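Per-entry structural report
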Amino acid sequence: MIYLDNAATTRVVPEVFEVMKEYFGEEYANPAAVYTFASGAGKAVGKARAQIEQLIGAGKDEVYFTSGGTESDNWAIKGVAESYAGKGKHIITSVVEHHAVLHTCKYLEKKGFEITYIGVDEYGVVKMEELEQAIREDTILISIMMANNEIGTIQPVAEIGRLARKHGVLFHTDAVQACGHIPIDVNAMNIDLLSGSGHKFHGPKGVGFLYVRKGVKLGAYMHGGAQENRRRAGTHNVTGIAGMGAAAELAMVCMEDNMRRQAELREYLIERVIKEIPYCRINGHRSDRLPGNVHFCFRFIEGEAMLMMLDSAGICASSGSACTSGSLDPSHVLLAIGLPHEIAHGSLRLSMSEETTKEELDYVVDKLKVIIARLREMSPLYEDFMERNNDKEA
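Residues numbered from 1 in each chain as written. Predicted model: local features only at pLDDT ≥ 70, side-chain atom pairs only at ≥ 80, totals over all residues. Heavy atoms only, no water.

1. Remarks on the overall build of the protein
The following threshold applies: Comment: elements are numbered from the N terminus, with helices defined as DSSP H or I runs of at least four residues and strands as E runs of at least two. Throughout, exposure labels follow a simple rule: accessible area from a 1.4 Å probe, protein chains only, divided by the maximum for the residue type, with under 20% read as buried, over 50% as exposed, and the rest as partly exposed. Residue contacts are counted whenever heavy atoms from the two residues lie within 4.5 Å of one another. Each accessible area value is a Shrake-Rupley result obtained with a 1.4 Å probe; residue values ignore everything except the protein chains displayed when judging cover.
Secondary structure assignment for the protein yields 13 helices and 12 strands. Principal axes of the C-alpha set define a box for the protein whose edges measure 85 × 55 × 35 Å. Within the protein, the proportion of its 394 residues that are buried is 55%. A separation of at least 24 residues holds for 72% of the contacts in the protein among residues at least 6 apart in sequence. Surface summary for the protein: the accessible area is close to 17,300 Å², and the carbon and sulfur share equals 52%.

2. Notes on the pattern of salt bridges
Selection rule: A pair is scored as a salt bridge if a Lys or Arg side-chain nitrogen falls within 4 Å of a carboxyl oxygen belonging to Asp or Glu.
Within the structure shown, the criterion is met by 20 salt bridges. Across the salt bridge formed by Glu355 and Arg11, the nearest N and O atoms sit 2.5 Å from each other. Note that Glu355 is positioned in the loop between strand S12 (347-351) and helix H12 (358-377) and Arg11 in the loop between strand S1 (2-3) and helix H1 (14-25), a separation of 344 residues in sequence. A residue is classified by how much of its surface remains accessible, and Glu355, at 37% relative accessible area, is partly exposed.

3. Some thoughts on the sheet that holds strand S9 (residues 280-282)
Rules: The pairing criterion for strands is at least two bridges between them, as found by DSSP. Between N-to-C directions, angles span 0 to 180 degrees; the directions come from axes that are lines fitted to C-alpha atoms, helices contributing only their stretch in contact.
In spatial order, the strands read S9-S10-S12; together these 3 strands make up an open sheet with antiparallel pairing. Here the strands that pair on one side only, and so sit at the sheet edges, are S9 and S12. Across this sheet, the average inter-strand angle for adjacent strands is 25 degrees, counted without regard to direction.

That is the geometry; function is a separate question.
Spelled out as structure tokens, the structure:
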């Protein structure tokens with residue numbers, strides 16, 4: 001098997017699993033308990049919080065543990081909406097956000113909030129002039145993702161943060177795809193709230209975090225206990241939290257080397273595909289993109305058939321977000337960057353990790369060439385296109 005869907009989830013690496021094992025069997029106490037036996041679990045939660053804070057440059061006690069990126073996005077946006085409704089009910093986001101953000105904003109629209117959806121250019125980069133013009137007196141939040149989960153484009157987050165700070169507006173960024181893969185400094189980037197998820201950087205599934213800058217008013221998201229400074233009740237997932245902390249520390253140590261190596265493999269893959277498979281295009285920004293992300297569209301084919309044939313060849317890939325994999329509609333991200341439906345349907349996302357090899361990518365490209373050719377042989381659209389081209393040449 002060749003796994004190239006690391007944007008959907010990553011493998012829990014042995015170093016992380018070893019840390020987690022202790023809290024399944026030996027240190028199994030509830031960290032909220034007062035007896036001595038619980039101190040080990042409590043220390044594990046505290047250590048992981050410090051590790052996450054270091055990963056993103058946060059201050060002490062500015063990180064809150066959640067069940068993952070979706071909860072963190074929901075809490076940040078709904079929490080600000082509820083806490084700052086007295087100041088205004090206007091929120092700004094972009095058209096290419098993850099559905100955890102977009103669906104939350106749609107929910108708030110039904111509650112009387114007004115949402116402005118900022119457009120992007122052909123590479124998926126937010127239009128900064130449009131963003132600044134959208135800011136009003138009653139704007140309480142800007143929520144723009146750090147890196148796109150489908151096409152990999154990295155947004156100008158520091159510039160957006162400066163703009164938000166200049167206008168006295170809170171800034172939230174969904175950093176689920178970016179965290180652990182590219183450097184983040186919440187202070188240098190003027191970020192007020194940031195969402196992350198452990199399973200995107202070799203931690204376990206079902207655990208994430210929300211960074212909340214000190215001074216930001218954010219009410220309790222879950223009630224029923226005093227955990228997380230009374231803001232997020234519920235018994236701590238100690239094994240998951242400890243694993244995410246270990247993964248964060250590992251990411252910090254390896255980040256520079258991983259970024260360099262994955263970017264080299266990314267460029268190698270892009271060059272081979274573009275040169276060897278006709279009628280394809282690379283989506284997203286050519287350089288300002290996640291190191292391990294590649295996203296193509298192939299004309300005259302259906303992406304679902306391509307994925308099934310890749311699977312038969314032992315290759316795990318996707319067409320976009322795993323959260324919308326059951327939908328037959330083309331990606332909202334691809335439509336937002338201006339692609340027509342018929343091209344957007346032929347999309348392929350390949351996302352690498354530090355375990356990906358050049359030999360694996362060569363195998364994938366070789367198989368992909370055969371699969372694309374076979375699918376186009378069955379496509380009436382491709383047949384018509386080739387006949388028209390032959391007529392012109394004649």
